[in-house]
Amino acid sequence: MHLPGRCDVVAFVRHRSFVRQSPSTEPHLTAELNIFRQRLTASLGALALLAGGVTVAVQVAAAPPAAAVDNGLARTPQMGFNNWNSTHCRGEFNESMVEGVADAFVAQGLKDAGYTYVNIDDCWALPNRDANGNLVPDPVRFPHGIKAVADYVHAKGLKFGLYSSAGTKTCDTQGFPGGLGHEQQDANLWASWGVDYLKYDNCNNTGADAKQRYKAMGDALKATGRPILYSICEWGSNQPWNWASGTGNSWRTTGDISDSWSSMIDIAHQNQSLAPYAGPGGWNDPDMLEVGNGGMTDTEYRTHFSLWSQMAAPLLIGSDLRNPSAATLAILKNTDVIAVDQDPLGKQGTVVSSSGGLVVMSKPLADGGRSVTLTNENSTARTVSTSVDALGIGGASSYALKDLWSKQTSSTTGPISASVPAHGTVMYRVTPGSPVPPPTGLNQLGDLPWTSAVNGWGPVERDRSNGEQAAGDGRTLTINGTTYAKGLGTHAASDITYYLGGGCRSLTVDVGVDDESTAGGSVVFRIYRDQTLVADSGLRTASDPPAHLAADLRGGGTLRLVVTDGGDGITYDHADWAGPQLACGQGPSAGTHALSDLAWSSAAGGWGPVERDRSNGEQAAGDGKPLTVGGTVYAKGLGTHAASTVTYYLGGSCTAFRSSVGVDDEVGAKGSVVFQVYRDGVLAADSGKVTGADAAKPISADVSGANELRLVVTDAGDGVDYDHADWAAPQLTCG
């Protein structure tokens, strides 16, 4: 519903070029933004705008999303009809029209497609209440009263909704009575009529506190004892996403939509950044559908319907359904697209890339797949591309693709691309094939494909912190001054899943709020083996050092890494999974093994390759000689050259390592090195300095329960010349 001037402040705020910066960058902008927040808190919302071709968000005064209202309704976004976009307050809006729409729901197959609510908007009442203070239906428009219309709609197996405003009058210039101060009286009357849905507008509100006004009506509806879906139409002025989910089932996030491409796509941009606040029972509402009203092309209407479904928005038809075109019905009845909107997981899609008017959105689905929209906002056809990894899924060898508009099916190993017409959208459902378990060994989690990744702001980052916006915009992972080369950078609320297939043993990881969150941030890290909680960090704040977590994953089919906010909102909750190592597969079999007979996980030498049962000849493989230290020849061992590292996966199955070490006789008295043995990254044995003039030294280490054995040779501080270092007769006892 349009009221001239009512959205002016919202529009001004939403189009200001203030963007949320990472706290440690651009301090002058951060200060400016803080001032901006203080001045405009009452009307400023979380924005999405296209700046420099990248979708960026302003998150202001973020509070933890409230628990969903407990009326049991809108577990998926509501679907139905509202007359305003097609009739406004004209005389054609009447009892006959509303009942005709209910007939059309059934006759046109819309009821079967999931549309349930037949809702009427403003202008249904007389301008004045009766002597008892009750609302009075307009006898010209509704000669049999509202209850009779509700009964007619109910007889079709549908539900009925109507409209009011949280003010003294509604929004139409004729000034029909609003609900402010009459909340319980009006709610009781509507319940007696059989009303199932209330759209509650924001006009003529006298400046009263929005939270109090909308809560008063929510409490009144609940007190009636009748389940009434509560649609809060507050236009986003007071950031309802921060508080309305505990009050209503949906909340308008923007001003009114109009039947044009520019209006529709601008509203989509505004709503896209608010995904963290939507979920079963409470939805971001970017306003009604304009599909079929004639102001856009069918291509643009398909984009409209695709984006609203991808954003898990309420789908309220706003065109006259008594004489729809075939194209309009084909759009509104696309059950594949509707299934995305109605997916029971209840996640709103997020923008994963936006550049040059080419926008990709990804929406997690309950079956473990994703829906993806490839939107071309330009005036000529373009190719829009993405990948399954960018969508937040992985771990499979192939993925099934279904085009939800053309119905064509195909498959991909990762890339997804389509030629998209001007102002068009190609929409796919992406379903992973059978997942592939991690390889045997000690794996860096950031190097493995996840099966699913959902993040509060921006994508989950590999080996970088979360910069909140485009992929790759983070920094080196840093927790309380400690930096990490490997890991995952997330932002609460975050949920990452890996397929284990029952073959992994354990996960070790450091966790904490990244140092870039200088303005605060508090989170909780949790690790799940399947549905069982196996590690919990407790509350971690930006001032805390890294916390070390270890999780037993034996027998688990999946690993889930979950980050929630610490109870104070999600602002600056940059959460790092730092140095995460996943141990999978079995280690060496029981018995005593010559180490050179086992496969290493990795091996690197200073000159030439690491040699099995030969000294290091510095050049090609096999160019060494029999291992010889102090005149003793060894048939088995490893020939290396400093600096050298050789790693073996033990899988917790071994108990002891022992070896003789020394500089190989082939270099004479030259060369000096240090041999070190590491167990799971912790130094377990050190030879001290060994030279070419020394006899072989024994070295041993307890490796009980360790996942990894690492053999390191360093130079002794005098350079690497002639540092031919032998691990002679190394043995590993397992079982």
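Residues numbered from 1 in each chain as written. Predicted model: local features only at pLDDT ≥ 70, side-chain atom pairs only at ≥ 80, totals over all residues. Heavy atoms only, no water.

What exactly am I supposed to notice about the confidence of the model for the chain here?
Segments scoring low in pLDDT should not have their predicted coordinates read at a detailed level. Of all residues in the chain, 91% attain a pLDDT of 70 or more, and the chain-wide mean is 89. Throughout residues 1-64 the model reports pLDDT below 50, and contacts reaching past four residues in sequence, or to other chains, amount to 153 contacts. (pLDDT = per-residue confidence, 0-100. Contact = heavy atoms within 4.5 Å.)

Honestly, the packing of helix H4 (residues 95-107) against helix H6 (residues 145-155) in this entry has me stumped. Any pointers?
Where H4 meets H6, the closest approach of the two axes is 9 Å, and the angle between their N-to-C directions is 15°. Comparing their axes, H6 and H4 come out roughly parallel. With respect to the hand of their crossing, H4 and H6 are arranged in right-handed fashion. Judged by residue contacts, Glu95, Val98, Glu99, Ala102 and Asp103 of H4 engage Gly145, Val149, Tyr152 and Val153 from H6. Partitioning the contact of H4 with H6 into residue classes produces 5 nonpolar, 1 polar and 3 charged. (Axes fitted to C-alpha atoms, helices over the stretch in contact; angles between N-to-C directions. Helix = DSSP H or I, 4+ residues; strand = E, 2+ residues; numbered from the N terminus. Parallel < 35°, antiparallel > 145°, perpendicular 65-115°, else oblique. Left-handed = near helix turned anticlockwise from the far one by under 90°. Nonpolar A, V, L, I, M, F, W, Y, C, P; charged D, E, K, R; others polar.)

Which parts of the structure should I look at to understand helix H7 (residues 183-193)?
What H7 keeps buried is the set Glu183, Asp186, Ala187, Leu189, Trp190, Ala191 and Trp193. Packing partners of the buried residues in H7 comprise H6, strand S5 (159-165), strand S6 (197-201) and helix H8 (210-223). Taken from the residues just after H7, Gly194 is the one with a positive phi, measuring 90°. (Buried < 20%, exposed > 50% of the residue type's maximum accessible area, 1.4 Å probe, protein only.)

Please clarify how unusual backbone geometry should be interpreted in this entry.
Working note: non-glycine residues mostly have negative phi, and peptide bonds are mostly trans. With an omega of -5°, the peptide bond between Ala492 and Ala493 qualifies as cis. Checked against the element boundaries, Ala493 lands in the loop between strand S24 (487-491) and strand S25 (494-499). Omega for the bond connecting Ala642 with Ala643 falls within 30 degrees of zero, at -5°, which places this linkage in the cis form. Here Ala643 lies in the loop between strand S37 (637-641) and strand S38 (644-649). Although it is not a glycine, Tyr572 adopts a positive phi angle of roughly 60°. Looking at the element boundaries, Tyr572 is found in the loop between strand S30 (558-565) and strand S31 (574-584). Taking the relative accessible area as the measure of exposure, Tyr572 reaches 6% and is therefore buried.

Looking at this structure, how should I read the environment of Gly318?
As for its placement among the helices and strands, Gly318 is situated in the loop between strand S10 (315-317) and helix H11 (326-332). Overall, the relative accessible area of 0% leaves Gly318 in the buried class. Measuring from C-alpha to C-alpha, the distance between Gly318 and Asn83 comes to 5.8 Å, with 235 residues separating the pair along the chain. Residue contacts for Gly318: discarding those within four places in its chain leaves Asn82, Asn85, Ser86, Leu289 and Asn293.

In this structure, what is going on with the packing of aromatic side chains? I would like to understand it.
For any two aromatic rings, the description comes down to two numbers: the centre-to-centre distance and the angle of the planes. Inspection of the entire model under this criterion finds 10 aromatic pairs. Measuring from centroid to centroid gives 6.2 Å for Tyr200 and Tyr230, while their planes differ by 50°, and the two rings are tilted. One end of the pair, Tyr200, is in strand S6; the other, Tyr230, is in strand S7 (residues 229-232), with 30 residues separating them in the sequence. Accessibility assignment for this pair places Tyr200 and Tyr230 in one class, buried. Among the aromatic residues, those joined into a cluster by ring pairs are Tyr200, Tyr214, Tyr230 and Trp243. Over the ring of Tyr528 we find Arg560; its NZ or CZ atom is 5.1 Å from the centre of that ring. Here the basic side chain of Arg612 rests over the ring of Trp600, its NZ or CZ set 3.8 Å away from the ring centre. (Phe/Tyr/Trp six-rings, centres within 6.5 Å; stacked < 30°, edge-to-face > 60°. Lys NZ or Arg CZ within 6 Å of the ring centre and 35° of its normal.)

Any chance you could explain the state of the cysteines here in plain terms?
What is meant by a disulfide is a covalent connection between two cysteines, made through their sulfur atoms. In the structure shown here, the tally under the stated rule is 4 disulfides. A disulfide bridge connects Cys89 with Cys123, and the sulfur atoms are separated by 1.8 Å. A torsion of -130° about the S-S bond marks the disulfide between Cys89 and Cys123 as left-handed. With Cys89 in the loop between helix H3 (84-87) and H4 and Cys123 in the loop between strand S4 (117-119) and H6, the pair connects residues that are 34 residues apart, well separated along the chain. Two residues share a disulfide in this structure: Cys171 and Cys203, whose sulfurs sit 1.9 Å from each other. The sign of the S-S torsion, about 100°, decides the handedness of the disulfide formed by Cys171 and Cys203: right-handed. Of this pair, Cys171 sits in the loop between S5 and H7 while Cys203 sits in the loop between S6 and H8, placing them 32 residues apart in sequence. Per residue, the accessibility class of Cys171 equals that of Cys203, and both read buried. Among the cysteines of the chain that take part in disulfides, numbered as they appear in the sequence, the pairing is 1-2, 3-4, 5-6, 7-8. (Disulfide = S-S within 2.5 Å.)

Just checking my understanding: could you explain the nonpolar core for this structure?
Soluble globular proteins tend to pack their nonpolar side chains together in the buried interior. In this structure, Tyr115, Trp124, Leu162, Trp190, Phe305 and Trp308 are the most contacted members of the largest nonpolar core, which totals 97 residues. By residue number, the principal contributor to this core is H4, which donates 6 residues. When near neighbours in sequence (up to four residues on either side) are disregarded, Phe305 contacts Tyr115, Leu289, Leu315, Ile331, Leu332, Asn334, Val337, Ile338 and Trp405. Membership of the second largest hydrophobic core comes to 30 residues, among which are Val511, Leu561, Ala575 and Leu582. (Core = buried A, V, L, I, M, F, W, Y, C linked by side-chain atoms within 4.5 Å.)

Hey, could you run me through the side chain of Asn82 in this one?
Checked against the element boundaries, Asn82 lands in strand S3 (residues 79-82). A polar atom in the side chain of Asn82 sits 2.8 Å from the backbone nitrogen of Trp84. Dropping the residues within four chain positions of it, Asn82 is found in contact with Asn119, Ile120, Asp121, Lys199, Met288, Ile317 and Gly318. (Polar contact = N/O pair within 3.5 Å; in protein donor to acceptor, adjacent residues only side chain to side chain.)

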